[in-house]
Each structure stands twice: as structure tokens, then as C-alpha cells.
Amino acid sequence: MSDRSVALRALSHPNFRLFISGFAVSLIGTWIQSIAQSWLLYRLTKSEFYLGLATFCAHTPVLLLSPVAGLAADRFPRHRIVLLTQSLFLMQAVTLAWLTLSDKVTPTHVLTLAALLGCANAFDIPARQSLMILLTSKEDLLGAISLNSVAFNTARTLGPTIGGIFVAQLGEGVCFAVNAVSFLFVLFSLLRIRMPRTEPSQHANSGIAGGVRYAWSRPVIRNSLLLCGMMTLTNAPPLVLGPFIADGLFHRGSTGLGYIMAAFGAGATLGVVRIATQSSSAGMRGVAGRAAVLYALALVAFAVAPSFWFAVAASAGAGYAFFRQNAANNALIQSVLDESYRGRVMSLYTMMAVGMLPIGGLISGSTAALFGPRVVLAGAAVLAGAAAAAFLHYTRSMDSSECTAP
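Residues numbered from 1 in each chain as written. Predicted model: local features only at pLDDT ≥ 70, side-chain atom pairs only at ≥ 80, totals over all residues. Heavy atoms only, no water.

Details of the nonpolar core
Within soluble globular proteins, side chains that are nonpolar tend to cluster in buried spots. With 98 residues, the main nonpolar core has Ile 221, Leu 225, Met 231, Tyr 295, Ile 333 and Val 345 as its most contacted residues. In terms of residues, this core owes the most to one element, helix 13 (residues 308-336), which gives 13 residues. Excluding residues that lie within four positions of it along the chain, Leu 225 makes contacts with Ala 215, Ile 333, Leu 348, Tyr 349 and Met 352. Residues Ala 10, Phe 23, Ala 93 and Met 132 belong to the second largest nonpolar core, which totals 30 residues. (Core = buried A, V, L, I, M, F, W, Y, C linked by side-chain atoms within 4.5 Å. Buried < 20%, exposed > 50% of the residue type's maximum accessible area, 1.4 Å probe, protein only. Helix = DSSP H or I, 4+ residues; strand = E, 2+ residues; numbered from the N terminus. Contact = heavy atoms within 4.5 Å.)

This is the structure:
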């Protein structure tokens, strides 16, 4: 079977086709809103601290609520959880659009709505990641995860570019309204999916602590989660400080910010496409470790960028490496875990892949106000390099048989 056939085999499942088509549209809207929200807060406050605080508000609920959300994903129908959370996302976008278009929006509004979005996201991500195997099959899970990453990062390329142009030409409120409309596509797709009947996990009675013990007792899962968390922590500075790099250093405005974020997304798409062509999770630990090293080097280049287009190129390299590491860890974890713990383990993955952003965001915003964005980015690169070196060291000491599915 060709690499292309392996990558696209997940699309032979009708439920997965519905899922990915709806989310592909919605994700573009999400990234349009992301850049518009970042620019709106920058315009209202001109403060690095507020940009860091927004990231903190949006992702702290994920850090705090994900364990509960993972248990819910093991005990209740995941499809219904995702349907509910996507409806909440729609309501949040509508509210933000109304406040902005009516010229009533304040930084407090933005921060509060970001926190509400984070609460919904805490339940959405573990349920959605755990849903993947029910939409396809265990044999096609790797392809489904990878294609989902491709859709996410393609949207990350298109969304910021469109968002940067829309902010400059039409204003932030229109971007929020566009995102609200995009959620109608995913809700329509979810309503058309027909899920098989599944019984609640018998191990769900072991609760949150049981899921943590299960993940920690398996070195493959534990090390992958730790690497993912450190990479996410160091990814916060370029995300939070993007407006100050684009406008404060290079004077390119919201369009420049769109180019930087789009380059990150374009690189990320290239990084996960190759993973999508693999038929098994063999070798994923090596892929994750090497990608983490490359990410640290790209972050150094971004920190010392002498020109705007050099920064754009460095952002593309960082995106390639960061999401290649992210997708490899996701695929590796999902390939080895017991189905009865899937929701809780993926909630831990969510904490590492998303929940660490508020810590990094708050540190980035506060320290950049004192030392400047370049120093903060350089510090993040050093931390990323140390994490990558530790992961590779422990990877070499692990037996390859641990990477086989139970």
C-alpha cells in the first residue's frame, strides 16, 4: 500500500469524513478570531502583560479542569460532549462579536470571554481526541490523528493570513462574527454523525487518580507527556509576544503578525504531513526527540532575527518542529494506551499540550515587560533545548518493545 493510501485510509470511514470536513472550516474561523483577539487586546492596552494575561485566562481552565474532563470522556458519550462544547464556542464568538461591533468591548470583556472559552475547551479537547478511535478504527487511528493535525495546521496557515487582512480592512468584530458562522459547519457535521453504542469504562470507577497512576507507571506515556509539556511552555513566548515582534520591532502591524503566525502554521503542516503517511507508531519517539531539538534551534533564530522576513522564516521552522513533535507524541501515546483509560490519559495530554500555555504566557508577558521580547525568546530556546536533551537521553535507555501497542 502506498504512503498516500495509508495517509488517506482514515477517510474511508464516513463518520471521520464528516468530522474532519466540519472541523476544517471551523478551525479557520478559530484562527481568524485568535489573531483578531490578540490584536484587539494589543490595540486596547499596548501592554505585553495583558497579552500574557489573556493567554493565562484562556488556558488556565484547561490546566485545572482537564482531569475532570478526561473522566467525563470515559464515563459519558464523547460525541455529545463535543456537540455541547462546540455550541458554547459559538455562543462565545457571538458575544465577542456583538461587544466589539457595538464598540462596547473592554479588556475585561476579552479576558472574561477568554476564560469561558478555556472552560469549554478543557472538556472539548480530551473528548474530541478520544472520539477519534470511535470515528475510525484502531488500525487507522494514526492516520486520523495525523490528518486532524494537518487540518489544524492548514487552518493555522490560512486563518492568521485572512485574519490579519480582515483586522486591517474590516476590524476585529467582523473576524469574531466570521468565527461564529464557522461553528455552524462543525455543528451540522456533528449532528449528521451516527455513533455506535458504547458502554462506560469499567475502569472509570478508579477515578482521576487511577488515570494518573496508569499514565505515570508507563515510561513511554510519562516521558512523552513531560516533553509535550515543556515544549508547550516554551511555545508561549512566540505566541504571546507576536504583536510586539511584528509591530514593536519590525513595524509591520496586524498584517505582519498574520504573516508570522501563518508561517508557523505552514511549517507545522509540513511537519505533520510526513507523519500522516506512516502506517505505525514505530520510531515516533525518535521523531519527537529530534523535532524538539530542531524547535530549540528555530526559537534561537527567531529570538535574534535581524529582519522581519528572517523572523517569518524562523517562525516557519519553529512551526515545523513544534507540531512534528506534538503529533508524534500524540500518535505514540494513543497507540499504546488502554482504551478504558483513553479519556483520562488524553486529558493529561491536553494539560501538557494546551494547559501549560497559561504558565508560559504569564511568565512571558511579565518578563518581556522587564527585559524585552528577545531575551524571553532566547530563554525559552534554552529551556526547550534542555528538555529535548533530557528526552533523548531517557529515550536511549528505554527498550523499544515499550512502543508496541498492548
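Resuming the write-up.
Details of helix 15 (residues 357-371)
Given a rise of 1.5 Å per residue, 15 residues ought to cover 21 Å, and the 20 Å separating the end C-alpha atoms of helix 15 matches this to within 8%. Within helix 15, burial applies to Leu 357, Pro 358, Gly 360, Gly 361, Ser 364, Gly 365 and Ala 368. One side of helix 15 carries all its buried residues, which in axial view fall inside an arc of 160°. Turned more than 90 degrees away from the buried face of helix 15 sit Leu 370 and Phe 371, all of them exposed. In the segment just after helix 15, Gly 372 is the residue with positive phi, at about 95°. (Expected span 1.5 Å × (residues − 1). Arc of directions from axis to C-beta.)

With respect to the packing of aromatic side chains
Applying the stated rule across the entire model yields 15 aromatic pairs. Put simply, the rings of Trp 31, Phe 152, Phe 264, Tyr 295, Phe 322 and Phe 323 pair up and form one aromatic cluster. (Phe/Tyr/Trp six-rings, centres within 6.5 Å; stacked < 30°, edge-to-face > 60°.)

A look at empty space enclosed by the protein
Unfilled space is identified by rolling a water-sized probe across the atoms. Tallying each qualifying case throughout the model produces five cavities of 30 Å³ or more. Empty space within the largest cavity amounts to approximately 1,300 Å³. Along the wall of the largest cavity there are 45 residues; nearest its centre are Thr 30, Trp 31, His 59, Asn 121 and Phe 152. With nine residues, helix 2 (residues 14-45) is the single largest residue contributor to the lining of the largest cavity. Broken down by class, the residue content of the lining of the largest cavity amounts to 22 nonpolar, 20 polar and three charged. Each pocket or cavity is described by its volume, and for the second largest cavity that value is around 90 Å³. (1 Å grid on protein atoms, 1.4 Å probe; cavity = no way out; pocket = protein on both sides within 12 Å on 5 of 7 lines; lining within 4 Å. Points joined across faces, edges and corners; volume = space filled by probe spheres on them. Nonpolar A, V, L, I, M, F, W, Y, C, P; charged D, E, K, R; others polar.)

Considering the confidence of the model for the chain
Overall, the prediction assigns the chain a mean pLDDT of 84, with 91% of residues at 70 or greater. When the criterion is pLDDT under 50, residues 399-406 qualifies, and its contacts beyond four places in sequence or with other chains add up to 19 contacts. (pLDDT = per-residue confidence, 0-100.)

Looking at the packing of helix 12 (residues 284-303) against helix 13
Two elements in contact, helix 12 and helix 13, have axes separated by 8 Å at closest approach and are oriented at 160°. Judged on the interaxial angle alone, helix 13 and helix 12 are roughly antiparallel. Note that helix 12 runs across helix 13; the crossing there is left-handed. Of the residues belonging to the contact of helix 12 with helix 13, the class tally is 19 nonpolar, four polar and two charged. (Axes fitted to C-alpha atoms, helices over the stretch in contact; angles between N-to-C directions. Parallel < 35°, antiparallel > 145°, perpendicular 65-115°, else oblique. Left-handed = near helix turned anticlockwise from the far one by under 90°.)

Thoughts on a nonpolar patch on the surface
Taken together, the side chains of Val 25, Val 181, Leu 184 and Phe 185 define a hydrophobic patch exposed on the protein surface, amounting to about 340 Å² of accessible area. For the nonpolar patch, the leading source of residues is helix 7 (residues 172-192), giving three residues. You can see Val 25 is positioned in helix 2. (Patch = residues over 30% accessible without salt bridge, like charges linked within 9 Å, V, L, I, M, F, W, Y side chains within 5 Å. Areas by Shrake-Rupley, 256 points an atom, 1.4 Å probe, with all protein chains shown as cover. Salt bridge = Lys/Arg side-chain N within 4 Å of Asp/Glu carboxyl O.)

Side note on the side chain of Gln 33
On the secondary structure map, Gln 33 appears in helix 2. The class of Gln 33 is buried, set by a relative accessible area of 5%. Polar side-chain contacts of Gln 33 include one of 3.0 Å to the side chain of Gln 92. (Polar contact = N/O pair within 3.5 Å; in protein donor to acceptor, adjacent residues only side chain to side chain.)

Comments concerning the pattern of salt bridges
According to the stated counting rule, one finds four salt bridges in the structure shown. As a salt-bridge pair, Arg 43 and Glu 172 come within 2.9 Å of each other at their nearest N and O atoms. Within this pair, whereas Arg 43 is found in helix 2, its partner Glu 172 is found in helix 7, the two being separated by 129 residues in sequence. Given the relative accessible area of 41%, Arg 43 is considered partly exposed. Look at Glu 172 and you get buried, because its relative accessible area is 6%. The partner of Asp 124 in a salt bridge is Arg 128, with the nearest N and O atoms 2.8 Å apart.

Points about unusual backbone geometry
Despite not being glycine, Asp 103 has its phi angle at roughly 60°, a positive value. Locating Asp 103 in the fold gives a position in the loop between helix 4 (78-101) and helix 5 (107-135). When its relative accessible area of 71% is taken as the criterion, Asp 103 is described as exposed. Phi is positive for His 251, which is not a glycine, with a value near 55°. You can see His 251 is positioned in the loop between helix 10 (242-249) and helix 11 (253-276).

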